[in-house]
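Survey of secondary and tertiary structure
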2 protein chains.
Amino acid sequence: MNHEALALMLNIAIEQQQFEQAILQVQDLRPIDIADILTLIKPTLAWQLLERLPNRSTIFAYLEPHTQVAMAHEFPRESMARLIGEMPADERTDLYKHLNQEQRDALLPALAQAQREDIRRLAAYEERTAGALMTSDYATLEAQMDVNEALAALRLEAPDAETIYHAYVIDNERKLLGVVSLRVLILASPEQLIHDIMVSGPVACHVNDDQEDVAKVVARYDLIALPIVDDSGALVGIVTHDDAMDVASDEATDDFHKSGGVSTVVGRLKDVSIRILYRKRVFWLVFLVFGNLLSGLSIANFEDVIAANLVLVFFLPLLVDSGGNAGSQSATLMVRALATGDVVMRDWFSLLGREALVALMLGATMAVAIALIGYVRGDALVSLVLALSMICVVMIGSVIGMSLPFVLNKLGFDPATASAPLITSISDASGVLIYLFIASRILGIG
Amino acid sequence: MNHEALALMLNIAIEQQQFEQAILQVQDLRPIDIADILTLIKPTLAWQLLERLPNRSTIFAYLEPHTQVAMAHEFPRESMARLIGEMPADERTDLYKHLNQEQRDALLPALAQAQREDIRRLAAYEERTAGALMTSDYATLEAQMDVNEALAALRLEAPDAETIYHAYVIDNERKLLGVVSLRVLILASPEQLIHDIMVSGPVACHVNDDQEDVAKVVARYDLIALPIVDDSGALVGIVTHDDAMDVASDEATDDFHKSGGVSTVVGRLKDVSIRILYRKRVFWLVFLVFGNLLSGLSIANFEDVIAANLVLVFFLPLLVDSGGNAGSQSATLMVRALATGDVVMRDWFSLLGREALVALMLGATMAVAIALIGYVRGDALVSLVLALSMICVVMIGSVIGMSLPFVLNKLGFDPATASAPLITSISDASGVLIYLFIASRILGIG
């Protein structure tokens, strides 16, 4: 049964207070699927079902923040505090950040002291850093424990820890000494010391590291969880593989949007309001209108050449677009390679030579195509103008396209800002200038 | 010390046969870092160091296929077979696929019977499917085992399995019955039966499923490993979280490249040859040259209007680019939303209305900007032509941009083929037509 049909049935069952039947319908589904279905039901009804499900906090954690907040209005304050208390620490903090001051004030006193402090601590980290991404629900061990003691300790920690497959070995000051995997633990003999079987100096990130770098480290070292430390080297949290995968996907979406000239859109496209969509798009569009005036100015400058050779206008969109297209390709390749770490800043110069060579080959191929069309439609001279212009336009577009992401990165901007629309506008302006300049030299005026 | 400097030192140490010193330099590094450094050393020397390292098969598995093949030439056949025998099943199969027939013939007889069959079986699956991605190194349990027996079984399987954190419960015919996590196992009492603690009917994918869908399932359900079954429901492999994350990243790169009008580039940008870069880019560029001829034809059709009002040419690039830019934005938003699953095919119609409204607002904003410039440079009538054209061009570009990914998807193409360059060319052609048509109506001829 699909989610919409199930939601309809649940709606009816809950309205008639037939909770047992409703629970029966969903109990075999996974938490994220139940969460999906709950968003299709009225918040009042959804809440009545949710509070009767054993894994309610896991399901609730999968809801989008705005749905969580909408549901929070329906909850009796006590149930709400209980539910939030049961949530994973990182999800709980995310929800807290989405509450307004009044809701926070209502919530905090109902939570346990330790949970309050945990929320305050996690909420203090800047967005998009390791600190904002990590959870404080991790398992720790001491170096002098033996394997038996360690397994007993993990059994105690298991209900609260997000993962017990990696346990972190810390000293009295919580400094991170090493990591032990559960795999190694269950293979070791009971009396071996943790100190002797742990991996010392494990891969770790700093709490202020960018979340994109955190995701890259998790991917590079194939980690289930990555420990996060503070300035003193003390363990303050872990980032789990699933959260890292979500970040990698979000960052790819962000780059993708920027490459199309759209500012960062937060949330699912279907849920984003028209006002926000307008705001995220209007800046680049209007900015580029003014950018494109440069093309217009070039044209104004060569009006007499155009008037005398109207056939030039016929080829104008084709020529300038070709430069923009080649530039978009180059920029796309560079932006993604910079994002995945395949290319770094110091590679720019060595890549420039290759880019120029590829662009020359591409430009020559396209010059042949356009020269033929030019000869049919105009004459040999027009054909020559077109071929020369095409080679120049494609080469300049490509070099701009490949270099701009590096320049933007150097200036502290996201290289993905080198979007297709931006590259197109810049290439267009230079393309128009080159084309009309070459035309005026070869064809003369009149 | 950075990887380049370390590689230089190792080069010298190995050439002087000081292997102990060389091993000392790398033994605390992670396998992927050692693999990175080995690629900076001559294959003959790299091999001499590699065969002396205890975790050589893990390190070797991290090398790029072309480096693996280059190194394979240096190996004595027996060491090579031993190394390949130790590799994880999925990496071993990848390497096998990159060998030529002669190398395969030399390798296969040196492997154990079971490994030969495993390679043949895994290599038979089509590229980019679950079958090509999965590994056969997983841990299985039987439903009637108790927890003690299960833990003992996992200890035996641990050295070969990629993960023992999820163990799969199968019947006599290898049908997948359920999954047990090691977390549940170590929390259960020793005499409990697996049948009673396993999760029945776990999330699974079919061996022919697209690898992109496999990655989405792993991400959605936050899995450490995803079981893969065949037509009969028998377990044939697992896909681990780290391989799913790599696939998600590769697929994002692929979409990103397509959005910039570049065909799929395999491998790291720095390593790709100029010939391949040319081939991956030339198709779209030449295709778009012919696409852009449509714009030219529109212009040819209205040559008399242009001749009489040369000021129109001034605004031509600006107007047509605006349509392309708005269209690129819409296409970018849709392509990524379709890729992440935020939007599905049946959402098209409901999103179309929103898109038209946003485009109207954007077009109106840009119309104000261009009308002002038009009035300064031309007159009130030109200003009117520009404002009307801008609204139409932006709306049509946006609707094309948002719809094309859906149309392509419906026709069985990757929606990401709706690249910025393609949208730009289509929007340009319609933009030129609209602009000159409106101009000819309002300004008349001459």
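In short, a report on the structure.

With respect to the environment of A:V358
- Mapped onto the elements, A:V358 comes out in helix α20 (residues 348-377).
- Among the residues examined, A:V358 registers a relative accessible area of 1% and is labelled buried.
- As for A:V358 and A:S398, which are separated by 40 residues in sequence, their C-alpha atoms are 9.0 Å apart.
- When sequence neighbours within four positions are dropped, the list of residues in contact with A:V358 reads B:I274, B:L277, B:Y278 and B:R281.

A look at the environment of B:K42
- Looking at where B:K42 falls in the secondary structure, it is placed in the loop between α3 (31-38) and α4 (43-50).
- With 392 residues separating them in the primary sequence, B:K42 and B:I434 have C-alpha atoms 62 Å apart.

Examining the sheet that holds strand β1 (residues 138-141) of chain B
All names here are of chain B.
- Read across the sheet, 4 strands follow the order β1-β2-β3-β4 without closing on themselves; strand pairing throughout is mixed. Taken across any chain shown, the strands that pair with only one partner, and hence form the sheet edges, are β1 and β4 (199-200).
- As judged from the 3 bridges shared by β1 and strand β2 (residues 163-170), these two strands associate in the parallel manner. Bridge assignment links L141 to a residue of β2, and that residue is V169.

Concerning the packing of aromatic side chains
Residue and element names in this part refer to chain A.
- For the coordinates displayed, the defined rule picks out 12 aromatic pairs over all chains.
- When the ring of W284 is compared with that of F287, the centres are 5.3 Å apart and the planes differ by 80 degrees; the resulting orientation is edge-to-face. Within this pair, W284 and its partner F287 are both found in helix α17 (residues 274-301), separated by 3 residues, close to a single helical turn.
- On the basis of relative accessibility, which here comes to 14%, the residue W284 falls in the buried class.
- One aromatic cluster in this structure is built from F283, W284 and F287.
- Over the ring of Y96 we find R104; its NZ or CZ atom is 4.5 Å from the centre of that ring.

Describing the sheet that holds strand β7 (residues 235-240) of chain B
- Strand order in this open sheet of 3 strands is β5-β6-β7 (chain B), and the pairing throughout is mixed. The sheet terminates laterally at β5 (205-206) and β7 of chain B, the two strands that pair on one side only.

What about the interface of chain A and chain B?
- Contacts between the two partners involve 118 residues from chain A, matched on the other side by 116 residues from chain B.
- Both faces combined, the contact of chain A with chain B buries some 10600 Å², and carbon together with sulfur accounts for 67% of it.
- For A:R281, the salt bridge goes to B:E355, with nearest N and O atoms at 3.1 Å.
- There are 39 residue pairs in polar contact (both at pLDDT 80 or more) connecting chain A and chain B.

A short note on the relation of the copies chain A and chain B
- You can overlay chain A on chain B at an RMSD of 0.2 Å; the transform is a turn of 180 degrees with a shift of 0.1 Å along its axis. Both chain copies can therefore be described as sitting about a two-fold axis.
- Both copies present the same face, since 98% of the interface residues in chain A are matched by interface residues at the equivalent positions in chain B.

What about the pattern of salt bridges?
- With the rule as written, the count across this model stands at 27 salt bridges over all chains.
- For B:R346, the salt bridge is made with A:E4, and the minimal N-O distance between the two is 3.8 Å. Here B:R346, found in the loop between α19 (311-340) and α20 (348-377), pairs with A:E4, found in helix α1 (residues 3-15), and the two come from separate chains.
- The class for B:R346 is exposed, based on a relative accessible area of 65%.
- Among the residues examined, A:E4 registers a relative accessible area of 40% and is labelled partly exposed.

Digging into helix α7 (residues 77-86) of chain B
- Every buried residue belonging to α7(B) is among B:S79, B:M80, B:A81, B:L83, B:I84 and B:G85, and all of these are buried.
- On its buried side, α7(B) packs onto α4, α5 (56-62), α6 (65-72), α8 (89-98), α9 (101-107) and α10 (113-123) of chain B.

Reading the values: rules and limits
Residues numbered from 1 in each chain as written. Chains lettered and ligands numbered in written order. Predicted model: local features only at pLDDT ≥ 70, side-chain atom pairs only at ≥ 80, totals over all residues. Heavy atoms only, no water. Helix = DSSP H or I, 4+ residues; strand = E, 2+ residues; numbered from the N terminus. Buried < 20%, exposed > 50% of the residue type's maximum accessible area, 1.4 Å probe, protein only. Contact = heavy atoms within 4.5 Å. Pairing = 2+ DSSP bridges. Phe/Tyr/Trp six-rings, centres within 6.5 Å; stacked < 30°, edge-to-face > 60°. Lys NZ or Arg CZ within 6 Å of the ring centre and 35° of its normal. Buried area = accessible area lost by both parts, 1.4 Å probe. Salt bridge = Lys/Arg side-chain N within 4 Å of Asp/Glu carboxyl O. Polar contact = N/O pair within 3.5 Å; in protein donor to acceptor, adjacent residues only side chain to side chain. Least-squares fit on C-alpha atoms with pLDDT ≥ 70 in both.

Honestly, that's just the spatial picture; any functional story needs more than this.
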